[in-house]
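Spelled out, the chains give:
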Amino acid sequence: MKRGIIILAAATLGLAACNKFEKGEGDMTYKIYKSEGKAKIQEGDFVKLNGIQVIETKANGDSTLVNTYDNERPAFFPISKSMFKGDMVAALKLLGEGDSATFKLNLDSMAKYSGQPKPTGAKDNYATFTVKIEKVLHKVANEADSTFEKKKREFFETEYKALIAKNKASEEGKIKKYIADNSLKTTASASGLQYVIEAAGNSERAALTDTVMVDYTGQFTNKKGDGKINVFDTSNAKIAKEAGIFSPMAQYAARPLVLGQLAPGFIEGVQLIGVGGKIKIIIPSKLGYGENGGGPINPFTPLVFDIELKGIKKGSAVAQAPAPTMAPAPATK
């Protein structure tokens, strides 16, 4: 996926060239990389954008908080009144459709007016945002709010349908690319599941009514902008921290899961190994989150799971339920 100028800005200019930034409103500084010369964003407009939010930490250098490119899902941003001088609204008003720029915004002010706590361990008092304005729906002067709200709904629905169509068309290619990039020799089952058994485990196999104890890591097929694997959930604390998704509320150990309550692809993968077994599975969306997606999972998104089966607790036939359409729920931060 092309990241173009926005990644170049974030990687080579966004943090290192602070002295080249211009002074904006309040404490905000900015650098515009590309300007199409189109009408600037105004209060009341509705914007589709891609962006990266980074803070520089004392311990680990740059820490990416948000990257819409990693998620392959642009953000939709209603332009309301500014909360403080030099906020994100003020920054976006410097841009028009097709423009890209980097902004540095004051963390204290962001925390005060957003109600969200200031990130811990920040090296300085600024967050860096590198954005690309994809599309702008301008609110016409004196246009009725109800009329514009209808336009916004139609705009969002059109863009979301385009995203779904793009994901559907590219899903097979993503799976093939992941297999090729990682030099995997997979086996394909009749259902469409691709898998590599790394250790078979013992002869015991889990039934749908059983509770399985599994260590696993779930990732997207695309890598993150920094080249690391794109993890969305894991039972491994170290991997969670490295991926930036660690949550103090999550259970980082083998997790007990009722097999019949998981996604068909996950069920099939677990049933291919015994206790002590390890398997990598590549789940097409029809065996995972399907055409609707869920949480951070977009519609028609293939997923990769590395699974180790640690134990099986036998269940009761009475408790059997139809196999649902969900994989293990992604951890929330």
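Description of the structure in this document. Owing to the predicted nature of the structure, the values given are computational and were not obtained by experimental measurement. (Residues numbered from 1 in each chain as written. Predicted model: local features only at pLDDT ≥ 70, side-chain atom pairs only at ≥ 80, totals over all residues. Heavy atoms only, no water.)

### Quick word on the pattern of salt bridges
Part 1: Applying the stated rule across the entire model yields 18 salt bridges.
Part 2: Notably, a salt bridge pairs Lys34 with Glu36, separated by 3.3 Å at the nearest N-O pair.
Part 3: Lys34 sits in the partly exposed class, given a relative accessible area of 36%. (Salt bridge = Lys/Arg side-chain N within 4 Å of Asp/Glu carboxyl O. Buried < 20%, exposed > 50% of the residue type's maximum accessible area, 1.4 Å probe, protein only.)

### A word on the packing of aromatic side chains
Part 1: One pass over the full model with this rule turns up 12 aromatic pairs.
Part 2: With a centroid separation of 5.8 Å and 10° between ring planes, the pair formed by Phe156 and Tyr160 is classed as stacked. With Phe156 and Tyr160 both in helix α5 (residues 145–181), this residue pair falls 4 residues apart, about one helical turn.
Part 3: Three or more aromatic residues joined by ring pairs form one cluster here, namely Phe46, Phe76, Phe155, Phe156 and Tyr160.
Part 4: Stacked on the ring of Phe246, the Lys or Arg Lys241 has its end atom at 5.0 Å from the ring centre. (Phe/Tyr/Trp six-rings, centres within 6.5 Å; stacked < 30°, edge-to-face > 60°. Helix = DSSP H or I, 4+ residues; strand = E, 2+ residues; numbered from the N terminus. Lys NZ or Arg CZ within 6 Å of the ring centre and 35° of its normal.)

### Here's the deal with the pairing of strand β9 (residues 194–199)
Part 1: Across 2 bridges, strand β8 (residues 187–188) lies against β9 in antiparallel orientation. Bridge pairing in β9 links Ala188 to Gln194.
Part 2: Two strands pair when backbone bridges link them, and β9 and strand β13 (residues 278–283) are joined in this way by 5 bridges, in the antiparallel orientation. Looking at β13, one finds that Tyr195 is bridged to Ile281. (Pairing = 2+ DSSP bridges.)

### Quick notes on the pairing of strand β12 (residues 255–258)
It is a general feature of regular strands that their side chains alternate between the two faces of the sheet.
Part 1: Every second residue of β12 is oriented toward a common face, the buried set being Arg255 and Leu257 and the non-buried set Pro256 and Val258.
Part 2: Where strand β10 (residues 211–220) meets β12, 4 bridges bridge the pair, whose relative direction is antiparallel. Across the sheet, residue Thr211 finds its bridge partner in β12, namely Val258.

### Side note on the nonpolar core
Part 1: Counting residues in hydrophobic clusters, the biggest one holds 27 residues, and the most contacted among them are Val212, Phe266, Ile281, Phe305 and Ile307.
Part 2: Broken down by element, this core gets its largest block of residues, 5 residues, from strand β14 (residues 303–313).
Part 3: Apart from the residues lying within four places of it in its own chain, the contact partners of Ile281 are Leu193, Gln194, Tyr195, Gly265, Phe266, Gly269, Leu303, Val304, Phe305 and Ile307.
Part 4: Grouped together as the second largest cluster of nonpolar side chains are 25 residues, Ile41, Ala91, Met110 and Phe129 included. (Core = buried A, V, L, I, M, F, W, Y, C linked by side-chain atoms within 4.5 Å. Contact = heavy atoms within 4.5 Å.)

### Let's talk about the side chain of Thr128
Part 1: Along the chain, Thr128 turns up in strand β7 (residues 126–137).
Part 2: Separated by 3.3 Å, the side chains of Thr128 and Lys104 make a polar contact. (Polar contact = N/O pair within 3.5 Å; in protein donor to acceptor, adjacent residues only side chain to side chain.)

### Here we look at the environment of Tyr113
Part 1: Among the secondary structure elements, Tyr113 is positioned in helix α4 (residues 107–114).
Part 2: Residue Tyr113 is classed as partly exposed on the basis of its relative accessible area, which comes to 38%.
Part 3: Setting aside residues up to four positions removed in sequence, Tyr113 forms contacts with Met83 and Phe84.

### Describing empty space enclosed by the protein
Part 1: As enumerated under the stated definition, the model contains 1 cavity of 30 Å³ or more in all.
Part 2: Surrounding the largest cavity, Asp70, Asn71, Glu72, Lys174, Phe220, Thr221, Asn222, Pro296, Asn298, Thr301 and Pro302 form its lining.
Part 3: Broken down by class, the residue content of the lining of the largest cavity amounts to 3 nonpolar, 5 polar and 3 charged.
Part 4: Two domains share the lining of the largest cavity, each providing at least three of its residues, namely domain 1 (22–139) and domain 2 (172–313). (1 Å grid on protein atoms, 1.4 Å probe; cavity = no way out; pocket = protein on both sides within 12 Å on 5 of 7 lines; lining within 4 Å. Points joined across faces, edges and corners; volume = space filled by probe spheres on them. Nonpolar A, V, L, I, M, F, W, Y, C, P; charged D, E, K, R; others polar. Domains from an automatic or database assignment.)

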